[in-house]
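Okay, here's what each chain looks like letter by letter:
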Amino acid sequence: MLMQLNTVLEVDHVSKLYSREQISTRQRLATTFTRALMGRPSSPPKKLKSGEFWSLEDISFTLKRGEALGVIGLNGAGKTTLLRTLAGQLLPDKGEIRILGDAVAMIDLTAGFQMSASGSRNIHLRGAMLGRSKEDIKETYDEILDFAELGDAINAPVSTYSSGMLMRLAFSIMVMAKPDVLLIDEILSVGDFAFRQKCLARIREMRAHAAFVFVSHSMSNIKLFCDRVMVLNKGKMVFIGDPEEAISVYEGMKFPEISPTEKRNEILKPQHFDKLKFNFLESYWCDIGGSKKQRFSTGEDLYFKIILNLTFTPEKLIFGIPIWSEDGCYVTGFTSNRVNGLKIKKNKKNTYILTVPNIPFTEGKYISNLSIHDGLEFLSRQENLDLYVVNPGIEEWGVVNIKHFFNEHK
Amino acid sequence: MSVRKSQQIHIIRPDSRMRESMLSAIRHLINEIWNYRSHIRIIFKGRFRAAYSGTGLGIFWNYALPLVPLTVYWFLSVLRVFPNFEGVDGATFITFGVTLWFLFAGCVQIPMQVIQSRNKESMKTNFPLSASIVSEFARLLFDTMVRIILVSIIIVSTQSWPTAQGLMLPFMLLPALFLFTGIGVMLGILNVIYNDVSRVVNIILQYGIFVSGVIFPLYDIGILSTFNAINPFAIFIDASRSIVFQGVIDNLQNYLVASCLAFIFFAVSVRIFFVMEYRVRGVN
C-alpha cells in the first residue's frame, strides 16, 4: 500500500458502528462468528439495527511527520473511539487506516500495569508491550527514571503508588518509546500540574520526528500544540483546519451556554501552587507607591506588586500575567520572560513591580492569573483580584483604546 | 499496546483476520504468547500471591484448596463407600480420575472465564487474550501438580502400582488438553454472543463428573455405556487410567478417533478465536 511522502498516518473513510442495545451487538457478533466458521469474508454493515449508530462516520485525514492534529468535540462526539480505532484497540467497520511505523496510544495511561510488580519491572513489561527490545529498554531505563522523578519508589509495587506517581511512570515509559505516531487522549488534564507542563515540553521536543493526534478539552493546549484541528460532532467530522476556526466552530456547538461563573473558572483554570517551594507569596494590583488598588482609569499607569519568598533558588524565574476581559476575550499578557532573568534570594522576601504605562483597556472588569515559573516548570498559577477600568470620559470601542491620530494628507 | 515493527506500514481494516488460515492463526498466537511470556509469568505470580495475601495461613491455602475435592473422595473410599474398580484400589481409581477431570474441566472453563472477564481490559491495553488465558493455565497446571502429588501418596499407601507404560500419560493427555482448550475457547467466544452459554456449561460440568467414568466405570450402566463411547471426557479419562494401571489403552480405536478430532477441533477453534478476538473486545 502506497503512502504519500512523509505521511505517517492515513485514515481513509473510517466508520465505526456502536449500539446502545446489547442485542444488536450480539446479533452482529453472531453474524461474524458464523462467517468466520464458514470461512466467508465479512461485509460492511448496510442497514442499521435498532439502537445502532455510527460513533464514527466517514472520517478521512492524513498526518505527516512533525504535524499535530487536535481533535475536539462535545462529550460522546467519538473522540476516544477515533483514538482507540487509530491505536488498533478497536476495529473499524468500514474504511482503512494505514500507519507507517510505530503508533503508541496514551488513552488509559495506567491500564495494563501489573499492580503487584514494581515500577522498575513495569518499565520492562510495558516496554516489551510497546515492541521494544531488552537492550533498547536498558538503554533508556535511566532516562525513564529521571523523567518520572520517582526516586526509590521505583522499586516498590505499583499498587502503592499515588495516581500522580502512576501517571508519571506511565507517561515516561510511553514517550521513551519514540513512536512515529503518538495518540494522546486528555491525559494531560489530570494529575500533577507541574509534571504536566514537563510532559507538554517533552511532547514539543518529540514533534520533530513524530506525528500527534491530540484529544483535549483544553482549548489553550489545542492552540498551543496543533497545526490543524478536527471538530467531531456525533461521529461526523464537521470541520478540519485552522485551530482558531475549529475552536470557534466547537464553541458554537456548545449547548447549553455556560454560566458566567463557569466561564470564568474555565478561563482561569488550571490553578496550581507548589507549597513546598514557597515560604510566602503575595501579589496584587497597586498604585505607584505599592498600595493595593483595583480601580484604574483608561490611560493611567498600572502597577502589579509581587512579594515572593522561595525555599530554593530558581534557575530562571519568570512571571506571567495573562489578562482576559469579563466575557472571556484574551486581551493580552505581561511577562518577565523578555528581561534576562530576574534575580532572587532564597528564603528571603523579594519584591517585584510590574509597570504598564498608559493602560489602553476600555471600561470594564478584567480577570487575570499570576503564573510563576522556573524555566519550563510551573511553580504557581493563581487567580488575581479583578481589575476594574473606568472611562475618564473619552469615546471608546472594543476592548482596547489605542492611541491614534488622523491628519490631513498634504 | 500493539507490538509493531518500525517503519512497516500497518493496515487496520475491518476483519482483516478473516483472511488468515488456521495455521497462520496458530503461528500468530504462538508468537504472541512467546512475546508476552514475561507478562504471563508476572500475572501468574501476582495472582498466586493474591490468592493467599491477608490470610493467616498464607501460602498453605494455595496447596490446600486444590486438594479439598480429592480428599472428599479419598475419605469416602476409606469408608468403603466405593469398592475397587478394574483391579485398582477405589481411592486411587477415583482420585486419579478426579484429578484428570479437574484438569480437563479447567481447560474448558478458564478460556471462557478469561474471555468474559478480561475483554475490556484487553481492549484498553491491547494485551492479548491468549496471553491472559495462558497465565491462568499456569495456575491450573500448578493445582494439577499439587493433586498429582496427593494421588502419588495414595498410590503408594494403597500399593496400586502403575505400569511402565504409564510414563506415556503426558503424551496421551496432549490431545485431550488440545480438545478441551479448543472447546473452552470456542464456548468463550459463544458466551460473549449468548450469555447463557457459561451457565449451561457450568451445569453440564457439575453433572459431567458423574457421567464421565470419573468416580465409577460406566460400561455396564445401560444408556450411560453408549454415552461413554462418545463422551470425550470419558474416552480420555478411561484411556489414561487404563494405560497407567493396566499398561494398555482400553478402546484404542475410540481414543485415536477422538485424538484426531481433537487436533482438528483445536485448529478450528483457534482460528475462530483469532478472527473474533478484536470483535469481542469491550463487549460486556
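Use the structure listed above.
First things first, this report covers the structure right here in the doc.

Rules used in this analysis
Residues numbered from 1 in each chain as written. Chains lettered and ligands numbered in written order. Predicted model: local features only at pLDDT ≥ 70, side-chain atom pairs only at ≥ 80, totals over all residues. Heavy atoms only, no water. Helix = DSSP H or I, 4+ residues; strand = E, 2+ residues; numbered from the N terminus. Buried < 20%, exposed > 50% of the residue type's maximum accessible area, 1.4 Å probe, protein only. Contact = heavy atoms within 4.5 Å. Areas by Shrake-Rupley, 256 points an atom, 1.4 Å probe, with all protein chains shown as cover. Disulfide = S-S within 2.5 Å. Axes fitted to C-alpha atoms, helices over the stretch in contact; angles between N-to-C directions. Parallel < 35°, antiparallel > 145°, perpendicular 65-115°, else oblique. Left-handed = near helix turned anticlockwise from the far one by under 90°. Nonpolar A, V, L, I, M, F, W, Y, C, P; charged D, E, K, R; others polar. Pairing = 2+ DSSP bridges. Core = buried A, V, L, I, M, F, W, Y, C linked by side-chain atoms within 4.5 Å. Patch = residues over 30% accessible without salt bridge, like charges linked within 9 Å, V, L, I, M, F, W, Y side chains within 5 Å. Salt bridge = Lys/Arg side-chain N within 4 Å of Asp/Glu carboxyl O. Buried area = accessible area lost by both parts, 1.4 Å probe.

Focus on the overall build of chain A
Then, number 1: Counting secondary structure elements, chain A contains nine helices and 19 strands.
Then, number 2: The principal-axis extents of the C-alpha atoms in chain A amount to approximately 85 × 60 × 45 Å.
Then, number 3: A burial count over chain A gives 50% of its 410 residues as buried.
Then, number 4: Sequence-distant contacts in chain A: of pairs separated by 6 or more residues, those separated by 24 or more amount to 72%.
Then, number 5: When the accessible surface of chain A is summed, it comes to about 20300 Å², and 52% of that surface belongs to carbon and sulfur atoms.

Observations concerning the state of the cysteines
Then, number 1: Tallied over the entire structure, the rule returns zero disulfides over all chains.
Then, number 2: Here B:Cys107 is not disulfide-linked; the sulfur of B:Cys260 is the nearest cysteine sulfur, at 19 Å.

Focus on the packing of helix 3 (residues 119-129) of chain A against helix 4 (residues 134-148) of chain A
All names here are of chain A.
Then, number 1: Contact geometry for helix 3 and helix 4: axes closest at 11 Å, N-to-C directions at 125°. By the angle between their axes, helix 3 is oblique relative to helix 4. At the point where helix 3 passes helix 4, the crossing takes the right-handed sense. Counted together, Ser120, Ile123, His124, Gly127 and Ala128 of helix 3 and Ile137, Tyr141, Ile144 and Leu145 of helix 4 form the full contact between these two elements.
Then, number 2: Of the residues assigned to the contact of helix 3 with helix 4, the class counts are six nonpolar, three polar and no charged.

Some points on the pairing of strand 17 (residues 364-374) of chain A
Residue and element names in this part refer to chain A.
Then, number 1: When you tally the buried positions in strand 17, you get nine out of eleven residues, the bulk of the element.
Then, number 2: Where strand 17 lies against strand 18 (residues 377-383), six bridges are found, and the strand directions are antiparallel. In the strand pairing of strand 18, Ile372 is matched with Ser380.
Then, number 3: Linking strand 17 to strand 18, which pair antiparallel, is a turn of two residues; within it Gly375 sits at a positive phi near 60°.

Things to note about the nonpolar core
Then, number 1: If you look at the biggest cluster of nonpolar residues, it comprises 80 residues, and the most contacted ones within it are A:Phe33, B:Trp101, B:Phe104, B:Phe180, B:Phe236 and B:Phe273.
Then, number 2: Per-element tally for this core: the top contributor is helix 5 (residues 90-125) of chain B, with 16 residues.
Then, number 3: In this view, B:Phe273 contacts B:Leu29, B:Ile115, B:Leu129, B:Ser130, B:Ile133, B:Val185 and B:Ile189; residues no more than four positions away in its chain are not counted.
Then, number 4: Listed in part, the 49 residues of the second largest apolar core include A:Val104, A:Leu130, A:Leu150 and A:Val231.

Focus: a nonpolar patch on the surface
Then, number 1: On the surface, a nonpolar cluster with roughly 540 Å² of combined accessible area is contributed by B:Leu57, B:Phe60, B:Trp61, B:Leu65, B:Val68 and B:Val72.
Then, number 2: Residue assignment for the nonpolar patch shows that the elements contributing at least two residues are helix 3 (60-64) and helix 4 (68-78) of chain B.

Digging into the pattern of salt bridges
Then, number 1: One pass over the structure, following the stated rule, counts 19 salt bridges over all chains.
Then, number 2: Across the pair A:Arg65 and A:Asp180 runs a salt bridge whose closest N-O atoms are separated by 2.9 Å. Pair noted here: A:Arg65 is in the loop between strand 2 (52-64) and strand 3 (68-73) and A:Asp180 is in the loop between helix 5 (163-176) and strand 6 (181-185), with a separation of 115 residues, a long-range link.
Then, number 3: Looking at A:Asp180, the relative accessible area reads 6%, which means it is buried.
Then, number 4: With its nearest N and O atoms 3.4 Å apart, the salt bridge here joins B:Asp143 to B:Arg139. With B:Asp143 and B:Arg139 both in helix 6 (residues 129-158) and four residues apart, the pair spans about one turn of that helix. Exposure class is identical for B:Asp143 and B:Arg139. Each is buried.

Comments concerning the interface of chain A and chain B
Then, number 1: If you look at the interface, chain A gives 54 residues, while chain B gives 46 residues.
Then, number 2: Summed over both sides, the interface of chain A with chain B buries roughly 4400 Å², with 61% coming from carbon and sulfur.
Then, number 3: Across the chain A-chain B interface, the total number found is two salt bridges.
Then, number 4: B:Arg13 is the partner of A:Glu96 in a salt bridge, and the nearest nitrogen-oxygen pair spans 3.0 Å.

Considering the environment of A:Thr313
Residues and elements named next belong to chain A.
Then, number 1: Following the sequence through the fold, Thr313 ends up in the loop between strand 13 (302-310) and strand 14 (317-325).
Then, number 2: Note on Thr313: relative accessible area 47%, which makes it partly exposed.
Then, number 3: When the C-alpha positions of Thr313 and Lys346 are compared, they lie 5.3 Å apart, and in sequence the two are 33 residues distant.
Then, number 4: Excluding residues that lie within four positions of it along the chain, Thr313 makes contacts with Ile344 and Lys346.

Digging into the packing of helix 3 of chain A against helix 2 (residues 37-50) of chain B
Then, number 1: The interhelical angle for the contact between helix 3 of chain A and helix 2 of chain B, taken along N-to-C directions, is 140°, at an axis separation of 9 Å. Judged by the inter-axis angle, helix 3 of chain A sits oblique to helix 2 of chain B. Crossing angle aside, the handedness with which helix 3 of chain A passes helix 2 of chain B is left-handed. Two secondary-structure elements touch here, helix 3 of chain A through A:Arg121, A:Leu125, A:Arg126, A:Ala128 and A:Met129 and helix 2 of chain B through B:Ser38, B:His39, B:Arg41 and B:Ile42.
Then, number 2: Counted by class, the contact of helix 3 of chain A with helix 2 of chain B contains four nonpolar, two polar and three charged residues.

Comments concerning the pairing of strand 9 (residues 236-241) of chain A
All names here are of chain A.
Then, number 1: Relative to strand 9, strand 8 (residues 228-233) runs antiparallel, the two being bridged by five bridges. Bridge pairing in strand 9 places Asn233 opposite Lys236.
Then, number 2: Counted along the chain from strand 8 to the antiparallel partner strand 9, the turn is two residues long, and its residue Lys234 has a positive phi close to 50°.

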